[in-house]
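Okay, here's what each chain looks like letter by letter:
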Amino acid sequence: MSDTPDQEAVSRVWSGMYDLVLRQEDRRKEVAETLGMSFFRVKALRRLLAGPMTMRELTAELATDKPYTTLMVDDLERRGYATRSIAPGDRRSRIVTLTAAGTAVAEEAERILARPPRSLLALDPADLAALDRIIAGLRAPERSAP
C-alpha cells in the first residue's frame, strides 16, 4: 500500500470542507447582513476584541493598506464602535479601541461564526467522534506539511 495520498481524494475532501464552511452556511454573509456592515469591518472589530491596537498594527493584522484602514476606522467611529486616541509616547501614532457598543457587535459576530453548521449537528455520534479525531490530527503541529 502506498504512503502517498490519493490526490483526487485529497481534492474531494478539501472541496467538501470548503463547501461546508464557506458556501453551505455562509456565516460571513450572515454576519455582514445581521450587523449591517461589510465582513471586513466586522473582522477589524473582532481583531480589536483582543485589545486596543495602533493603526499600524490593525493594518498589519488585516493585511490591508493604511488609507483603507483609515477609511474603515472612520466608519467604525461614526457608528460608535471604536475610538482613536493618541498613543502615549508617540504623538504620531493613533490607538484604536473598541467602545462598549463595538465590543457587543464583535461578540455577536463571534457567536454567529462559532455556531456549527446544521449538517454537523445532525451527524451520528460515532461519525462525529471519528471526525473529531481526524480534525484533531490535522491540527496537530507534527502533522504539518513538508
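For clarity, every value in this text was computed on a predicted model and none was experimentally measured.

Draft legend 1. Representation of the nonpolar core in the model. Counting 22 residues, the largest nonpolar core has Leu35, Met37, Leu45, Leu58, Leu76 and Val96 as its most contacted members. Residue assignment for this core shows that the elements contributing at least two residues are helix H2 (27-35), helix H3 (39-48), helix H4 (55-62), helix H5 (66-78), strand S3 (90-98) and helix H6 (100-114). Ignoring sequence-local partners within four residues, the contact set of Leu45 consists of Met37, Leu76, Tyr81, Leu98, Val105 and Ala106.

Draft legend 2. Structural view of the packing of aromatic side chains. Per the stated rule, a full pass over the model turns up two aromatic pairs. Ring plane angle 50 degrees and centroid distance 6.4 Å describe the contact between Trp14 and Tyr18, whose orientation is recorded as tilted. Highlighted residues: Trp14 and Tyr18, both in helix H1 (residues 7-24), separated by four residues, approximately one helical turn. For Tyr18, a relative accessible area of 33% translates into the label partly exposed. Their ring planes at 55 degrees and their centres at 5.5 Å tell us that Phe40 and Tyr68 sit as a pair that is tilted. In this pair, Phe40 sits in helix H3 while Tyr68 sits in helix H5, placing the two residues 28 residues apart along the sequence. Overall, Tyr68 belongs to the partly exposed group, its relative accessible area being 31%.

Draft legend 3. Inspection of the pairing of S3 at higher detail. Pairing geometry for strand S1 (residues 53-54) and S3, over two bridges, is antiparallel. Pairing of Thr54 across the sheet is with Ile95, part of S3. Bridge count between strand S2 (residues 82-87) and S3: six bridges; the pairing is antiparallel. Looking across to S3, one finds that Ser85 is bridged to Ile95. From the end of S2 to the start of S3, which pair antiparallel, there are two residues, and Gly89 there has a positive phi angle of about 90 degrees.

Draft legend 4. Spotlight on unusual backbone geometry. A positive phi angle, near 55 degrees, is found at Ala63, a position not held by glycine. Tracing the sequence through the fold places Ala63 in the loop between H4 and H5.

Draft legend 5. Quick peek at a nonpolar patch on the surface. A surface patch of nonpolar side chains, amounting to about 720 Å² of accessible area, comprises Val13, Trp14, Met17, Tyr18, Leu131, Ile134, Ile135 and Leu138. Tracing the backbone shows Ile134 in helix H8 (residues 125-139).

Draft legend 6. Region of interest: the packing of H2 against H6. The contact between H2 and H6 brings their axes to 9 Å, and the two run at 145 degrees. The handedness of the crossing between H2 and H6 is right-handed. Packed against H2, whose contacting residues are Arg27, Arg28, Glu30, Val31, Thr34 and Leu35, the element H6 presents Val105, Glu108, Ala109, Ile112 and Leu113 at the interface. Residues of the contact of H2 with H6, tallied by class, amount to six nonpolar, one polar and four charged.

Rules and cut-offs
- Residues numbered from 1 in each chain as written.
- Predicted model: local features only at pLDDT ≥ 70, side-chain atom pairs only at ≥ 80, totals over all residues.
- Heavy atoms only, no water.
- Core = buried A, V, L, I, M, F, W, Y, C linked by side-chain atoms within 4.5 Å.
- Buried < 20%, exposed > 50% of the residue type's maximum accessible area, 1.4 Å probe, protein only.
- Helix = DSSP H or I, 4+ residues; strand = E, 2+ residues; numbered from the N terminus.
- Contact = heavy atoms within 4.5 Å.
- Phe/Tyr/Trp six-rings, centres within 6.5 Å; stacked < 30°, edge-to-face > 60°.
- Pairing = 2+ DSSP bridges.
- Patch = residues over 30% accessible without salt bridge, like charges linked within 9 Å, V, L, I, M, F, W, Y side chains within 5 Å.
- Areas by Shrake-Rupley, 256 points an atom, 1.4 Å probe, with all protein chains shown as cover.
- Salt bridge = Lys/Arg side-chain N within 4 Å of Asp/Glu carboxyl O.
- Axes fitted to C-alpha atoms, helices over the stretch in contact; angles between N-to-C directions.
- Left-handed = near helix turned anticlockwise from the far one by under 90°.
- Nonpolar A, V, L, I, M, F, W, Y, C, P; charged D, E, K, R; others polar.

Taken by themselves, the reported measurements are silent on function.
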